[in-house]
Amino acid sequence: MNSITSILGYTPKKIGVFKTASMADLPNDIRLFRSLKSSFPEATLVWISSKDSKELVKRFSGVVNEYINCPDYANHNHSHLNFSWFTEAMQQQQWDVIIQIDSNKPSVDKWLELWNPRLLVRYSLESNCPFKHTLILSLKPALAKECVQTHLLNSLGIPASPNGFQFPSTESDKRAFTQLYPELFQHPFVCIHMENPAVQTWPMCYYTMIAYLLADHGYSLVFIANEEQQTSILEICQHIESPTFSFLRENLCWSNLAYLINQSSLVIGDDTDMAQLAVHLDVPSVWLSTRGHQLQFHESRSKSVHILKESQPIKEVIHEISTLLHLNQENFW
């Protein structure tokens, strides 16, 4: 018997998972919900998270049943979060279980106290909690880089569903692009993604040379970046004869991003979230490791990702990309 059923004394009917969604952790999040649904098939599973989760719930309707939008609490330092509409919505749910894999701020504790779940499963580095009906699963620092969701399931005695992830795409995904750019999918293309310029480690000249290499070999280019980088991207594109496309990162929902990455021949850049999604989708990618960040992936996918260091010379970067796409670079230099 798993820990949840053992403590409650009955099989839960409503389980909420309080966790901010992220593209980098999306496969692990979906695996958590699949495992919970497998162990509690009659339970209503609710994702309590940011607005991006609403779309994901629609995509994975057989795994996640409902979605409740959690207000942004990250920038609130006061001791009480007075979002009355959110508190009221949560209190009406009659929670059997809430699994918290998110912030442990005192302000969030006030929320949890008002929600009044029959059982709170709290997963954190801390060992204390102000609630009586709480199962605390301590996360050891040594495990912090591993899959938190898998460790959580093991601690609860819930069998984890098999590894593997596919992002369901629909015809509307393709229409979202082809209505604006009918020629987008007429040639093979490469996605080039960039972090915020304030933390970007690769100089723009690297992206320029990569773009020329790909264009010389007949690839279309799809740039995904922030608004601050649009001027630089336009400067690159205006000198390239191959079709080029530029999208603002903030204007693309996750389904759009996943569809673009799925259709891409290669994904290149230093944005951690998009690199992580590419790895889980098993799309070949070249990722610049920045600021000590790491990608998490199963060993079976290790061949699809090529990690470069911040100090990697441009010639080595070009060689890596050329090798992956079987390009002739003899006349490039």
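Preceding this section is the structure that the text describes.
J.: Just to check I follow, could you spell out the sheet that holds strand β8 (residues 220–225) for this structure?
T.: Sheet strands pair via backbone hydrogen bonds, and the direction of the pair is either parallel or antiparallel. Spatial ordering of the open sheet is given by β9-β8-β7-β10-β11-β12, a layout of six strands whose pairing is parallel. Sheet topology places β9 (244–248) and β12 (305–308) at the edges, where each strand pairs with a single neighbour. Along the sheet, successive strands turn relative to each other by an average axial angle of 20 degrees, direction set aside. Looking at chain direction, strand β10 (residues 266–269) and strand β11 (residues 285–288) are connected through three bridges and run parallel. When the sheet's bridge partners are listed, V267 is paired in β11 with S285. The strands touched by helix α8 (residues 204–216) are β7 (189–193), β8 and β10; relative to β7, the strand with the most contacts, the crossing angle is about 175 degrees. Each of β7, β8, β9 and β10 is contacted by helix α10 (residues 254–263), which is oriented at about 130 degrees to β7, the strand it contacts most.

J.: How should the environment of T170 be read in this particular structure?
T.: In this fold, T170 is placed in the loop between α6 (148–156) and α7 (171–178). Spatially, the C-alpha atom of T170 lies 9.5 Å from that of R59, the residues being 111 residues apart in sequence.

J.: When you look at the packing of aromatic side chains in this model, what are you seeing that I'm missing?
T.: To describe a pair of aromatic rings, you give the distance between the ring centres and the angle between the ring planes. Tallied over the entire structure, the rule returns seven aromatic pairs. Plain terms: the ring middles of F177 and F247 are 5.4 Å apart, the flat faces sit at 80 degrees to each other, and that makes the pair edge-to-face. Of this pair, F177 sits in helix α7 while F247 sits in strand β9, and the two are 70 residues apart along the sequence. Taking the relative accessible area as the measure of exposure, F247 reaches 8% and is therefore buried. An aromatic cluster of at least three residues, connected via ring pairs, comprises F177, Y181, F185, F189, F245, F247 and Y259. Taking the ring centre of W95 as reference, the NZ or CZ of K14 above it sits at 5.9 Å.

Thresholds, definitions, all that
- Residues numbered from 1 in each chain as written.
- Predicted model: local features only at pLDDT ≥ 70, side-chain atom pairs only at ≥ 80, totals over all residues.
- Heavy atoms only, no water.
- Pairing = 2+ DSSP bridges.
- Helix = DSSP H or I, 4+ residues; strand = E, 2+ residues; numbered from the N terminus.
- Axes fitted to C-alpha atoms, helices over the stretch in contact; angles between N-to-C directions.
- Contact = heavy atoms within 4.5 Å.
- Phe/Tyr/Trp six-rings, centres within 6.5 Å; stacked < 30°, edge-to-face > 60°.
- Buried < 20%, exposed > 50% of the residue type's maximum accessible area, 1.4 Å probe, protein only.
- Lys NZ or Arg CZ within 6 Å of the ring centre and 35° of its normal.

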